[in-house]
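Residues per chain are reported as follows:
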Amino acid sequence: MEECKCEIMKRCTKAIIHKDNLIHNLNEIKKLVSPKTKVCIVVKADAYGHSSVFVATLAETMGFEYLAVATVDEAIELRQAGIKSNIILLSLCTPEEMMAIFEYHIIPLIFSDKYIDLLIHETEIYNQKKNTKEKVDVFLAVDTGMGRIGCSYSESGLQAKKIESSKYLFLKGMCTHFAVSDCIEENDEEYTNLQFDKFKHAIELVRKEGIDPGICSCGSSAVTLNNFEMHLDMIRPGLIIYGYYPNDVTKDYLEKKGRFIDLKPVLSLETKIVAIKHFSKGDSISYGRTFVCEEETDIAILPIGYADGLNRLLSCGGKVSINGHSYPICGRICMDQCMVNLGNNNCDVHLWDKVVIFGPENSGALQDANDLAKICNTISYEILTSLSKRVERIIL
Ligand SMILES: *Cc1c(COP(=O)(O)O)cnc(C)c1O
């Protein structure tokens, strides 16, 4: 049979990953951080939608030694792609997933008696089966006020002792996570300082037991930019790698403090116009008939909808960029399509023209994920991680 010579056409709705911008952001982060501090590149949720294998591979070639994921599956995906770096698992796994921790050399966070006992038990079984004496590296998670995973800071000494006394576990480090490090109100800063003090106290309690706390880590993106004294042995930035400032810790805020860091969004979401139709005054557009044409107008139809990750809340107030100009989304965004109002004397916009929903400036976008987040009353994190599987990621 003759081989098909035609190239399979790719869908025009796609996410472009601007590699140069990613490298730029990683270098900006490197510049901020003392060489003594490790940088753990957070690639959970498919690297915030940017393709974790790609980001992890690039980070590895740039000399970063630590990666962080949220699920065992995410770690396995990286290992199967040949990633050799240390991989920290930031969320808890269930007993059924624990074997993968040994098989794929994943570093779990642990903190409770039950969890530690279970891990010791599973490690024993694993070693017996393989006839080995391998230890598992673990991080002791301390809850200093996030109200999520971790032991109370006063328990850290006891937990570390439990870890150290097991012949199967090795205390590789300690970590905590801040609740409001991305906020700059005075009481928020106080809270972060309080959490930091508790963490330092937790580290001291471990040292008092004669145990080396290993790599101590508390900061994510906001701390990376804003609290150098909290960098300790390792920071864990996620969002800033992908080019967004966390909440109040904006570029302007940092500049006022005399810090110049330039982050560039890495991902642009693009599509094409697949039809342009002319409508008369009084015609309605899309479900619910929420948009009624006030005059004769051209409407462009785009093959992108909320199933691609275009939040339905953008039906009201959302815009797109076509040939460098901004046009409003009109009517409700559907699952797979949405409509854009081109106005009543359109001559600039044509069928098959490229449409940029959001992205860095050099992608032709007039807005970024943060602008979309404001309209949707959410955060850039959610806009980025909502992009669905059927939106192909293309590395540029
Ligand atoms: C997600 C996460 C991070 C990264 O947070 P950013 O705000 O994206 O930098 C760091 N540490 C933990 C424990 C996390 O869950």
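One structure accompanies this document, and this report is about it. These numbers come from a predicted model, not from an experiment. (Residues numbered from 1 in each chain as written. Predicted model: local features only at pLDDT ≥ 70, side-chain atom pairs only at ≥ 80, totals over all residues. Heavy atoms only, no water.)

## Section: the site of the ligand
- In the vicinity of the ligand there are 13 residues, among which Lys44, Tyr48, Ser221, Gly238 and Tyr381 approach most closely.
- In the model, an oxygen atom of the ligand is placed 2.8 Å from a nitrogen or oxygen of the Lys44 side chain.
- Residue Arg236 places a side-chain N or O atom 3.0 Å away from a nitrogen atom belonging to the ligand.
- Here the ligand loses 89% of its free accessible area of 380 Å² to cover by the protein chains.
- Split into classes, the residues belonging to the shell around the ligand amount to six nonpolar, four polar and three charged. (Near = heavy atom within 4 Å. Polar contact = N/O pair within 3.5 Å; in protein donor to acceptor, adjacent residues only side chain to side chain. Areas by Shrake-Rupley, 256 points an atom, 1.4 Å probe, with all protein chains shown as cover. Nonpolar A, V, L, I, M, F, W, Y, C, P; charged D, E, K, R; others polar.)

## As for the side chain of His18
- Inspection of the secondary structure assignment puts His18 in the loop between β1 (14-17) and α1 (19-32).
- At 2.9 Å, the side chain of His18 and the side chain of Ser268 are in polar contact. (Helix = DSSP H or I, 4+ residues; strand = E, 2+ residues; numbered from the N terminus.)

## A look at the pattern of salt bridges
- Inspection of the entire model under this criterion finds 13 salt bridges.
- The closest approach of N and O atoms between Arg11 and Asp308, which form a salt bridge, is 2.9 Å. One end of the pair, Arg11, is in the segment before β1; the other, Asp308, is in the loop between β15 (297-302) and β16 (319-322), and 297 residues separate them in sequence.
- Owing to a relative accessible area of 32%, Arg11 belongs among the partly exposed residues under this scheme. (Salt bridge = Lys/Arg side-chain N within 4 Å of Asp/Glu carboxyl O. Buried < 20%, exposed > 50% of the residue type's maximum accessible area, 1.4 Å probe, protein only.)

## Topic: the side chain of Thr192
- Relative to the elements of secondary structure, Thr192 occurs in helix α8 (residues 186-208).
- When its relative accessible area of 4% is taken as the criterion, Thr192 is described as buried.
- In contact with Thr192, not counting residues within four places along its chain, are Phe178, Val180, Ser181 and Met230. (Contact = heavy atoms within 4.5 Å.)

## Observations concerning the packing of aromatic side chains
- Under the definition given, this model contains three aromatic pairs.
- Relative to Tyr381, the ring of Tyr48 has its centre 6.0 Å away and its plane inclined at 35°; by these criteria the two rings are tilted. Highlighted residues: Tyr48 in helix α2 (residues 44-49) and Tyr381 in helix α12 (residues 380-385), separated in sequence by 333 residues.
- Residue class for Tyr48 comes out buried when judged on its relative accessible area of 6%.
- Note that Lys30 overlies the ring of Phe64, its terminal NZ or CZ placed 5.0 Å from the centroid.
- Above the ring of Phe228, the side-chain terminus of Arg259 is found at 4.1 Å from the ring centroid. (Phe/Tyr/Trp six-rings, centres within 6.5 Å; stacked < 30°, edge-to-face > 60°. Lys NZ or Arg CZ within 6 Å of the ring centre and 35° of its normal.)

## As for the layout of surface pockets
- What the largest pocket holds in volume is close to 820 Å³.
- Around the largest pocket, the lining comprises 38 residues; the ones closest to its centre are Lys44, His177, Phe178, Ser220 and Tyr381.
- Elements supplying a minimum of two residues to the lining of the largest pocket: α2, β6 (136-143), α9 (221-226), α11 (369-375) and α12.
- Split into classes, the residues belonging to the lining of the largest pocket amount to 21 nonpolar, eleven polar and six charged.
- By volume, the second largest pocket is sized at about 280 Å³.
- Of the residues in the lining of the second largest pocket, the class split is five nonpolar, five polar and four charged. (1 Å grid on protein atoms, 1.4 Å probe; cavity = no way out; pocket = protein on both sides within 12 Å on 5 of 7 lines; lining within 4 Å. Points joined across faces, edges and corners; volume = space filled by probe spheres on them.)

## As for the pairing of strand β17 (residues 325-330)
- Inspection of the sheet shows β16 paired to β17 by four bridges, in the antiparallel sense. When the bridges of β17 are listed, Val320 appears paired with Tyr327.
- Hairpin connection between β16 and β17: a loop of two residues separates the two successive antiparallel strands, and Asn323 in this loop has a positive phi of roughly 50°.
- Taken together, the two bridges between β17 and strand β18 (residues 338-343) define a ladder with antiparallel strand orientation. From the neighbouring strand, Cys330 faces β18, where its bridge partner is Met339. (Pairing = 2+ DSSP bridges.)

## Thoughts on the state of the cysteines
- Taken as a whole, this structure holds zero disulfides when the rule is applied.
- Not part of a disulfide, Cys12 finds its nearest cysteine sulfur in Cys338, a span of 11 Å.
- Residue Cys376 stays outside any disulfide, its sulfur separated by 11 Å from that of Cys316, the closest cysteine.
- Relative accessible area serves as the criterion here: at 5%, Cys376 is assigned to the buried category. (Disulfide = S-S within 2.5 Å.)

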